[in-house]
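In case you want the letters, here they are:
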Amino acid sequence: MERGYSVAPFDIHPAVMLKAATLSIKLPNRRLGRHDFKPNAKFSGPSNSYLLQSNQQQEQHSIVLNPPVNQSVAAILLGDGHEAKLWPLTKTRSAAAIPIAAKYRLVDAVVSKCINSNITKIYALTQYNSTSLNSHLSKAYTSAGLGKDGYLEVIAAYQSPDNHNWFQGDADAVRQCLWELEDYPVTEFIILPGHHLNAMDYQKLIQSHRVNKADVTISALTSTKNQDKGFGILQVNSENRVLQLIQEIETTSHKEKEDESLDPSSLKFASMGIYVVNKDVMIRMLREYFPGANDFRTEVIPGIISLGLKVHAYTHEGYWENMGSIKAFYEANMESKRSTGMGYNYFDTESPMYTMPRCLPPTRVSVVVMTDSVLGEGCLLNRCRIIGSVLGHRTRIRDEAVVEDSVVMDSDIYQEDLDHRSTQGMQTTVPIGIGEGSFIRKAIIDKNARIGKRVMIINKDDVEEGSREADGYCINEGIVIVLKGAIIPDDTIL
């Protein structure tokens, strides 16, 4: 193990993974200080010798594009609309800001893939519940590692003298920001959802777009079976040219019929909602062809296909998860503690995930039985059992408690047992964390939740769906979700 490590402005190390009789720990980097958030300001990304060395290693196996991606492509990261699929986790934050895998936010995966794909100009268009997301992006990506001309710019939804409406959809958001996006001399934009995990190299996608001389390229999965069809189904010919975008949404009873005039031998791929668009095409399709369109999937993409523009599909065979449900989010967390290679690889040193640095102490473990789990920094675990779970930073679990197959998100503060603090207008002696003798199985505990003593969260009635927000919890697909900041009194059974 190397003893020296370089200065890092943001965190590149995954959480600690614990398996039976095995403890694997990564040394933390020293970090620079944080900077205050400035709306619509340009933020540079990671700058440190580790990142430079990692990039140099990747360059040996990287794709050579002309012009280079970092000079010719800008990423547009889309914040979320009113996303009900991940409710109640999106009650006070956008989906992109939801914590995952003990120390990250979902948006970190998207930004990190851009950095690792040599895309160093990133625009984040945010709207719904965006305070947490804006703050995280501004604090996490504030140094010069995106290169001399690299930056991450947050553009929050706004009203102007010419337009008094907020963003009406993803296409409308891009249209309203074209005045900023068209200012920089790039040749293509890559449009990315802000809350998905994938194992793609975006340089390969851009290479395919250029080789095919396409106007628009849509990233797609090679199989539609057991995949999220929320971005529609692409019907393509033998040359991977898109013939039709079928709006097949599982949450609705109506499914769009296929065009019977199309080649019956055509293939079907599930769209990933990732688009590469030529800059001039982007401007024309949003300002001239479809000036009133609000949504890429349902309006803009079908429209440009019907106009005869060259729309191609790029097929991706690796891992991808859109986080389209609570179950998908739960399973993605569970995969982070496994070494099966089926999920997202948080331990990939050639393509690391970046996040906001935190100056937290190491996790303290005292007489704990723990197997197959992932821990964040600064946890306090005392005389408890942790089995197959993911614990975010500052998690506190007290004597004789058991946490099994669960996700416990991080806490914003430490709190002593005798701290009597007013919470949501109520006096409570239940501290943040999990109380003595409590038992939690197959649950998601949101940030700053207060679980009392001898509480049992086990879904005792095997409920599939239920909302008890007034009592601090919901049940979605059989998974109990304790709300952010909720108080679960002593001896409660859920």
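Let us look at the structure shown here. All figures in this text were calculated on a predicted structure; none of them were measured in a lab. Starting from 1, residues in each chain are numbered consecutively following that chain's sequence as written. Only residues with pLDDT of at least 70 get local features here, since the model is predicted, and only at 80 or more are side-chain atom pairs given and counted; chain-wide, interface and lining totals rely on the full set of residues. Each side-chain value is worked out from all heavy atoms of the structure, with water and hydrogens disregarded.

### Some points on the packing of helix 8 (residues 279-289) against helix 9 (residues 296-306)
Helix-helix packing is characterised by the crossing angle of the two axes and by the distance between the axes. Our working definition: Here the axes come from fitting lines to C-alpha atoms, over the contacting stretch only for helices, and the angles between their N-to-C directions go from 0 to 180 degrees. Going along the chain from the N terminus, every DSSP run of H or I of four or more residues is numbered as a helix, and every run of E of two or more is numbered as a strand. Just so you know how the angles are binned, under 35 degrees is roughly parallel, over 145 roughly antiparallel, 65 to 115 roughly perpendicular, and the rest oblique. Residue contacts follow a heavy-atom distance rule, with two residues in contact if any of their heavy atoms lie within 4.5 Å. We call Asp, Glu, Lys and Arg charged. Ala, Val, Leu, Ile, Met, Phe, Trp, Tyr, Cys and Pro are nonpolar, and the rest, Gly among them, are polar.
One way to put it is that helix 8 packs onto helix 9 with a least axis distance of 11 Å and a crossing angle of 110°. Taken as axis vectors, helix 8 and helix 9 run roughly perpendicular relative to one another. The segment helix 8 lies against helix 9, with Met282, Met285 and Leu286 engaging Phe296, Val300 and Ile304. Taken together, the residues of the contact of helix 8 with helix 9 sort by class into six nonpolar, no polar and no charged.

### Structural notes on the pattern of salt bridges
Formally: Criterion for a salt bridge: a side-chain nitrogen of Lys or Arg within 4 Å of a carboxyl oxygen of Asp or Glu.
One pass over the structure, following the stated rule, counts 13 salt bridges. Through salt bridges with shared partners, a single ionic network connects Asp410, Asp412 and Lys447.

### Looking at the nonpolar core
General note: in soluble globular proteins, nonpolar side chains tend to be found buried as a group. For clarity, the cut-off: Definition used in this section: a nonpolar core is a set of buried Ala, Val, Leu, Ile, Met, Phe, Trp, Tyr and Cys residues joined via side-chain atoms within 4.5 Å. Residue exposure (1.4 Å probe, protein chains only): buried if accessible area is under 20% of the type maximum, exposed if over 50%, otherwise partly exposed.
Core analysis: the biggest nonpolar cluster contains 44 residues, and Leu125, Val174, Met282, Met285 and Phe296 have the highest contact counts within it. The contact partners of methionine 285, leaving out residues within four places of it in the chain, are Val277, Phe290, Phe296, Val300 and Ile304. In this structure, Leu65, Ala140, Tyr202 and Leu205 belong to the second largest nonpolar core, which totals 40 residues.

### Some remarks on helix 7 (residues 202-211)
Quick reminder of the rule: Under this definition, polar contacts are N or O atom pairs within 3.5 Å; protein pairs additionally need one hydrogen-donor-capable and one acceptor-capable atom, and for neighbouring residues in sequence, both atoms have to be side-chain atoms.
Among the ten residues of helix 7, seven are classified as buried, and the element is accordingly described as predominantly covered. Considered for burial, the residues of helix 7 that qualify are Tyr202, Gln203, Leu205, Ile206, Ser208, His209 and Arg210. Sitting at the amino-terminal end of helix 7 is aspartate 201, which places a side-chain oxygen 3.0 Å from the backbone nitrogen of glutamine 203. At the exit of helix 7 stands lysine 213, carrying a positive phi of roughly 50°.

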